[in-house]
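# Summary of structural features
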Amino acid sequence: MKKLFCLALTLLLAAPTVSAMAPVLKYQNAGTLALWTEECYYNAPVIDDIDRDGQKEIVFSNYSITVLNAHDGSVKWKVNSGYDRNTPFAEFGLSVGHTWCDAIVTDLEGDGQKEILTLHGNGTVSVLTSDGYFKPGWPQTPLYGAGRSLKTADLDRDGVQEILVGYGVGNCDSVYVLNANGTVRPGWPQLAQAQEGKIGFSYGVFMNNLSATDLDGDGDLEVIAPTDLSFISAYHDDGTPVSASSSVFGNRYWGQVALYEDYHAEIRGDNGGWGQPINGTEKREELYKGEFGHGISTLSDLDGDGVNEIIVSTIMCNRKYAPVYPPSEYMTIAVLNADRTRFKSEALDADWTTLPTDLGKPLVQNKISLPSRVAQTPVVSDLDGDGKKEILFNSYNGKVHCFSLDKREPYAWPYSLTKRTSPLFEYASPVVCRDLDFDGKQEVIFASFYDEDQTLPGIMQGSLYILNYEGRLISKTPLPPAKEAQNKHNGVMAAPAVEDIDGDGRYEVILNTQNGAICVYDI
Amino acid sequence: MKKALALFLALFLCCSTVSAQSPDLAAAKTLYDLGLLKGSKDEFSADAMELNRTATRAELSVTVTRMLGKDEKARYQQNAHPFTDVPAWASDYVGWLYENYLVNGNSDTYFGAEETASVQQFCAMMLRVLGYSDADGDFDYATAKTYALSIGLIDSSILEKTDLYRSDMVQICVNALNLPLKNANRLLSTKLMDERVFSSEAAARAGLGERQSPLAAFFASVDQNLPKARVSSHAGNRITLAFNEDLEEYGVRVFYTSADSPTVTEAPVKKGKIHYYPNGAAGYMTTLTVTIPGEDIELIVVKTSSEGALYNVLGKSNIVKL
């Protein structure tokens, strides 16, 4: 009994309380180069013991792929993107481009060895061994185009994972599936040009949009591909299209159902989902359509029936401005069933046949980028421990939204990073939910960045935020400035990693910063 | 017996009081029942609603926040504002509106909370509640009242008024609930129901936003230009429809809802006898048969551009109820 009491006391003392949850900088600028700093976009750091020596490493990929010793940030090895350790690292001139999406550390072939997968700006996919050498068959460049989405999944359940790759291109063959040996899987890429319109519509994949889950209950996984414009395609592992619910959508495939704000318009699917020509008399129901070039899909079994729902972010656009976007109207999320219908559960008091609407226009109607550089990533977590999940996402309106399944934003949500009195527009990275103080409720951790077109005297660096489950601020910690003085901005556009990297029983927050590489905070 | 008579009399008086209440008081009761108006006392009464006096800018702020469905949100978020004259009971509401760029003060630090609100101010605010934007050029602040009149938000009796009376405020709010959002078919009350500001039952009790049948909503944007359909026979699951004029047979489909299938579903169609006119390629029919299981069936005949999976809806019939 005495022992038990002592253990409880130790845990209680070890766990940080909310009031003590102020991050302390552990180290910064880890993995930067001697002469310049590689910019980071949306690629989150990965924490793993890749060489199984009992110590964790930080893996991250910008213009180079770097492995750090997590406890102190020292460089273990570094290679230029598209190369391995057989080629000496070069600070200049040796790279196949930047990295847009997260690196993946996984045991690809189920052989007990971890591999590091990365996707780069010229379209090259690298698969490195844990000590930095190419696996046989790699690297591969199935398409010379901007690599934007990288996922792995064992589509055919043979124990070996396939590699899903999405490209930000201006045509329909934007989604590839590669085998673990580097060959392109038969039936891919999709959409094949000849199939466009016949089985769906597809264009570029501009964020880490792809995911895979079992849609038809046969045990194999299907690829879900939200792509530019209004369609979400779904494919079997051989590239054939997945049918949408026949009772709701007739004989259409997933890729033939355009997402409208109004579900009736979506089901009706006038003009193949593209809508009737605009004549100026249309109502909003016919005009507001989702845009999925930056539509990131997340999977979660919301109702606990063993089948994943698909949560996908979208930018609602007004068709009257098409084909020239922006402006756009608001960012939101859709929750879909495996048969492409919208999610509804009476038991959960959840009705997602209508979407959360009018959540706020972008702070800037960016002429180049619809999402104003925000990677609008849905994250699912039971924040308050009531057994029901919440859905969070960061938005181009300068807020982090959180929806209960009843489609309300509970408590004090949304959280606004950009207040009316703020001198600059500030945006959130994707969020991570962790119970930092072990009280059964999740904290929400994210970092921020500023609009790069805005300038003020002085340094503009984002902050590391920790919110409680109610959406109230626990701490806001300014990030270190950029490593190089000429870079006025530093912030974080990628999701943080929140792990215990040094085995002290407390979490650290690991950030891949825009202009200062890896920075780590103790919580 | 005396007791029963007294009870009956009390009930009668109570009912007759409600039924005899003024339209303004009825509007206030509607808003009160929906949680959009609180009044100065714990229970609903004419005294508590204070309809005969003017509204202040602070009261206007509270009402507008509630009409946006943000009452609870405002109280949770407790947004700061720079104004020094806002009473504590209105501060969260003014803060929420300020943070969301929906109000400004009369100066940087003076809101004018106790000043009488104007009809023009309230019209502009309620137009914004309905999705109209003066910033985007939907209306001018200077002509907000006439724009409000043009969409049915106010009637002409309010147009000439300057000060906002609470009686006018509640009427405008109820009008707004029954109006569609900017350039949409969806009513403000439907949006607030969807956002769980009040329940559909409460809305029904208040006589708001009568539920449109799923079929009507589904094909709301399609012009009705097909011949009128009626049931000529109904045996088991087989329903034969007859039309009052020839219907071109190509692309004809039937959609339905039923007690078993509340979502709009396409029914298999067996076309009736098709006839052709001399020198005409198109075939026509005056009947068709569909197979639809279940009870409480509503159906509609639509003409589409194709017999394949992808099509446009070109026209619709009346909705037929069985």
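Residues numbered from 1 in each chain as written. Chains lettered and ligands numbered in written order. Predicted model: local features only at pLDDT ≥ 70, side-chain atom pairs only at ≥ 80, totals over all residues. Heavy atoms only, no water.

## Here we look at the overall build of chain A
Counted only if it meets this: Comment: elements are numbered from the N terminus, with helices defined as DSSP H or I runs of at least four residues and strands as E runs of at least two. Radius of gyration here uses only the C-alpha atoms, and the compact-globule reference equals 2.2 Å multiplied by the residue count raised to the power 0.38. Relative accessibility decides the category of a residue: with a 1.4 Å probe and only protein chains considered, values under 20% of the type maximum give buried, values over 50% give exposed, and everything between is partly exposed. The contact criterion used throughout is that any non-hydrogen atoms of two residues lie within 4.5 Å. To measure how exposed things are, a 1.4 Å probe is used in the Shrake-Rupley method; for residues, cover is taken only from the protein chains shown.
What chain A contains, in helices and strands, is four helices and 34 strands. The globule rule puts the C-alpha radius of gyration for 523 residues at 24 Å, and the 23 Å found for chain A is close to it. Principal-axis analysis of the C-alpha atoms gives chain A an extent of 65 × 60 × 50 Å. The 523 residues of chain A split such that 63% are buried. Counting contacts in chain A only where the partners sit at least 6 residues apart, residues at least 24 apart contribute 56% of the total. Of the accessible surface of chain A, which amounts to about 18,600 Å², a share of 53% is contributed by carbon and sulfur atoms.

## Regarding the pairing of strand β30 (residues 473-478) of chain A
Residue and element names in this part refer to chain A. Inclusion rule: Pairing between two strands is assigned when DSSP locates at least 2 bridges connecting them.
Pairing between strand β29 (residues 463-467) and β30: five bridges, direction antiparallel. In the strand pairing of β30, Ser-463 is matched with Pro-478. Here β29 folds back onto β30 in antiparallel fashion, the turn holding five residues, of which Gly-471 has a positive phi close to 85 degrees.

## Focus: the side chain of Asn-179 of chain A
Residues and elements named next belong to chain A. Rule in force here: Residues adjacent in sequence count toward polar contacts only when both atoms are side-chain atoms; beyond that, a polar contact is any pair of N or O atoms within 3.5 Å, and within protein one must be able to donate a hydrogen and the other to accept it.
Of note, Asn-179 is situated in the loop between β11 (175-178) and β12 (211-213). Among the polar contacts made by the side chain of Asn-179, one reaches the side chain of Arg-185 at a distance of 3.1 Å. Residues within four places of Asn-179 in sequence aside, it is in contact with Trp-138, Glu-162, Ile-163, Val-184 and Arg-185.

## Some points on the sheet that holds strand β32 (residues 497-499) of chain A
All names here are of chain A. Under the convention used in this document: Fitted lines through C-alpha atoms give the axes, limited to the stretch in contact for helices. The angle between two N-to-C directions lies from 0 to 180 degrees.
Strands sit in the order β1-β34-β33-β32 across an open sheet of four strands; the sheet is antiparallel. The open sheet has two edge strands with one neighbour each: β1 (24-30) and β32. With direction set aside, neighbouring strand axes in the sheet form an average angle of 20 degrees. With six bridges connecting them, strand β33 (residues 508-513) and strand β34 (residues 517-522) associate as antiparallel partners.

## Some thoughts on unusual backbone geometry
Following Trp-138 of chain A, the chain continues to Pro-139 of chain A via a peptide bond in cis, the omega torsion being 5 degrees. In this structure, Pro-139 of chain A sits in the loop between β8 (125-129) and β9 (146-153). The omega torsion across Trp-188 of chain A and Pro-189 of chain A is 10 degrees, close enough to zero to call that bond cis. Secondary-structure assignment places Pro-189 of chain A in the loop between β11 and β12. Here the phi dihedral of Phe-438 of chain A falls at roughly 55 degrees; this positive angle occurs in a residue that is not glycine. You can see Phe-438 of chain A is positioned in the loop between β26 (432-434) and β27 (443-450). For Arg-196 of chain B, which is not glycine, the phi torsion reads 65 degrees and is therefore positive.

## What about the state of the cysteines?
All names here are of chain A. Stated formally: Only a pair of cysteine sulfur atoms within 2.5 Å qualifies as a disulfide here.
Applying the stated criterion to the full structure yields zero disulfides over all chains. Free cysteine: Cys-40, not disulfide-bonded; nearest cysteine sulfur from Cys-101 at 11 Å. Assessed through its relative accessible area of 2%, Cys-101 is described here as buried.

## Quick word on the sheet that holds strand β4 (residues 265-267) of chain B
All names here are of chain B. Reading across the sheet, the four strands line up as β4-β3-β8-β9 and stay open at both edges, with antiparallel pairing between neighbours. Each edge of the open sheet carries a strand with a single partner, namely β4 and β9 (313-321). In this sheet, adjacent strand axes meet at a mean angle of 30 degrees when their direction is disregarded. Of the strand pairs in this sheet, strand β3 (residues 252-257) and β4 are connected by three bridges, and their pairing is antiparallel.

## What about the packing of aromatic side chains?
To keep it simple, the criterion reads: Note on ring pairs: Phe, Tyr and Trp rings are taken, using the six-membered ring of Trp, and paired if centres are within 6.5 Å. Classes follow the plane angle, with under 30 degrees stacked, over 60 edge-to-face and the rest tilted. The rule is short: NZ of Lys or CZ of Arg within 6 Å of the ring centre and within 35 degrees of the ring normal puts a charge over the ring.
Inspection of the entire model under this criterion finds 25 aromatic pairs over all chains. Between Phe-83 of chain B and Phe-111 of chain B, the ring centres sit 5.2 Å apart and the planes meet at 45 degrees, which makes this aromatic pair tilted. Of this pair, Phe-83 of chain B sits in the loop between α5 (71-77) and α6 (88-99) while Phe-111 of chain B sits in the loop between α6 and α7 (119-129), and the two are 28 residues apart along the sequence. According to the relative accessible area criterion, Phe-111 of chain B is buried, its value standing at 2%. By way of ring pairs, the aromatic residues Trp-36, Tyr-63 and Phe-92 of chain A are connected into one cluster. Above the plane of the ring of Tyr-415 of chain A lies Lys-419 of chain A, whose end atom (NZ or CZ) is 4.7 Å from the centre. Above the plane of the ring of Tyr-469 of chain A lies Lys-441 of chain A, whose end atom (NZ or CZ) is 5.3 Å from the centre.

## With respect to the nonpolar core
Selection rule: Side-chain atoms within 4.5 Å link the members of a nonpolar core, which is a set of buried Ala, Val, Leu, Ile, Met, Phe, Trp, Tyr and Cys residues.
Leu-153 and Leu-177 of chain B are the most contacted members of the largest nonpolar core, which totals 66 residues. In terms of residue count, the dominant contributor to this core is α7 of chain B (eight residues). In contact with Leu-153 of chain B, other than residues within four places in its own chain, are Cys-123, Met-126, Leu-127, Leu-130, Ala-148, Ile-172, Asn-175, Ala-176 and Leu-179 of chain B. Counting residues in each nonpolar core, the second largest holds 34 residues, with Val-242, Ile-267 and Phe-292 of chain A together with Val-313 of chain B among its members.

## As for the packing of helix α2 (residues 23-33) of chain B against helix α10 (residues 166-177) of chain B
Helix packing geometry: the angle between the two helix axes and the distance between the axes. Residues and elements named next belong to chain B. Let me state the cut-off plainly: Relative orientations are named as follows: roughly parallel for angles under 35 degrees, roughly antiparallel for angles over 145 degrees, roughly perpendicular for angles from 65 to 115 degrees, and oblique for any other angle. Handedness of a helix crossing follows the sense of rotation of the near helix relative to the far helix, less than a right angle counterclockwise being left-handed and clockwise being right-handed. Each residue gets one of three labels, nonpolar for Ala, Val, Leu, Ile, Met, Phe, Trp, Tyr, Cys and Pro, charged for Asp, Glu, Lys and Arg, and polar for the others, Gly among them.
Where α2 meets α10, the axes come as close as 8 Å, and the angle between the chain directions of the two elements is 60 degrees. By the angle between their axes, α2 is oblique relative to α10. Remark: the crossing between α2 and α10 carries left-handed chirality. Residues Pro-23, Asp-24, Ala-27, Ala-28, Thr-30 and Leu-31 of α2 form the contact with α10, whose participating residues are Ser-167, Val-170, Gln-171, Cys-173, Val-174 and Leu-177. Here the residues of the contact of α2 with α10 are counted per class, giving eight nonpolar, three polar and one charged.

## Things to note about α10 of chain B
All names here are of chain B. How we decide: Helix span, as expected, comes to 1.5 Å for every residue beyond the first.
With twelve residues, α10 ought to run about 16 Å at 1.5 Å a step, and its terminal C-alpha atoms sit 17 Å apart, in line with that. Buried residues dominate α10, accounting for eleven of its twelve residues. All of the buried residues along α10 are Arg-166, Ser-167, Asp-168, Met-169, Val-170, Gln-171, Ile-172, Cys-173, Val-174, Ala-176 and Leu-177. Along its buried surface, α10 packs onto α2, α3 (46-49), α4 (57-67), α7, α9 (156-159) and α11 (188-194).

## Structural notes on the interface of chain A and chain B
Cut-off, in case you're wondering: Buried area is calculated as the accessible area (1.4 Å probe) missing from two parts once they are joined, with the contributions of both summed. Criterion for a salt bridge: a side-chain nitrogen of Lys or Arg within 4 Å of a carboxyl oxygen of Asp or Glu.
Opposite the 41 residues of chain A that make contact, chain B presents 31 residues. Together, the buried faces of chain A and chain B total about 3,100 Å²; carbon and sulfur atoms form 42% of this surface. A per-residue breakdown of the area chain A buries against chain B is headed by His-264, Arg-268 and Arg-420 of chain A, which together make up 25% of the total. Taken together, the links from chain A to chain B amount to three salt bridges. On the surface where chain A and chain B come into contact, there are 18 residue pairs in polar contact (both at pLDDT 80 or more). Of all the elements, helix α4 (residues 284-287) of chain A adds the most residues to the side of chain A that touches chain B, at four residues. Grouping the amino acids of the side of chain A that touches chain B by side-chain chemistry returns eight nonpolar, 13 polar and 20 charged.

## Side note on α6 of chain B
Residues and elements named next belong to chain B. Relative to the 16 Å expected for twelve residues at 1.5 Å per residue, α6 spans 17 Å between its end C-alpha atoms, a close match to the ideal helical length. Across the twelve residues of α6, nine count as buried, placing the element largely inside the fold. Residues of α6 that are buried include every one of Ala-90, Asp-92, Tyr-93, Val-94, Gly-95, Trp-96, Leu-97, Tyr-98 and Glu-99, and no others. Buried-residue contacts for α6 involve α4, α5 and α7. Immediately beyond the C-terminal end of α6, within one or two residues, lies Tyr-101, with a positive phi of roughly 60 degrees.

## A few points about empty space enclosed by the protein
All names here are of chain A. We count it as follows: Buriedness of a pocket was judged along seven lines, with at least five required to meet protein on both sides within 12 Å; pockets are open sets of points on a 1 Å grid over the protein atoms alone, cavities are sets where a 1.4 Å probe fits but cannot get out, and lining residues have an atom within 4 Å of a point. Grid points are joined across faces, edges and corners, and a volume is the space filled by probe spheres set on the points.
What the rule picks out here adds up to five cavities of 30 Å³ or more. Here the largest cavity defines a volume of roughly 70 Å³. For the largest cavity, the full set of lining residues is Tyr-260, Ala-265, Arg-268, Asp-270, Gly-275, Gln-276, Glu-286 and Arg-319. Of the residues that constitute the lining of the largest cavity, the class distribution is two nonpolar, two polar and four charged.

## What to know about the environment of Leu-177 of chain B
Residue and element names in this part refer to chain B. Its place among the elements puts Leu-177 in helix α10. For Leu-177 and Lys-316, which are 139 residues apart along the polypeptide, the C-alpha to C-alpha distance reads 29 Å. Those residues in contact with Leu-177 that lie beyond four places of it in its chain are Leu-31, Leu-34, Leu-36, Met-67, Leu-187, Leu-188, Ser-189, Leu-192, Phe-198 and Leu-208.

## Comments concerning the domain arrangement of chain B
The cut-off we apply is this: Note: domain ranges come from an automatic or database domain assignment.
Here chain B is partitioned into domain 1 (19-205) and domain 2 (214-321). Between the C-alpha centres of domain 1 of chain B and domain 2 of chain B the distance comes to 44 Å.

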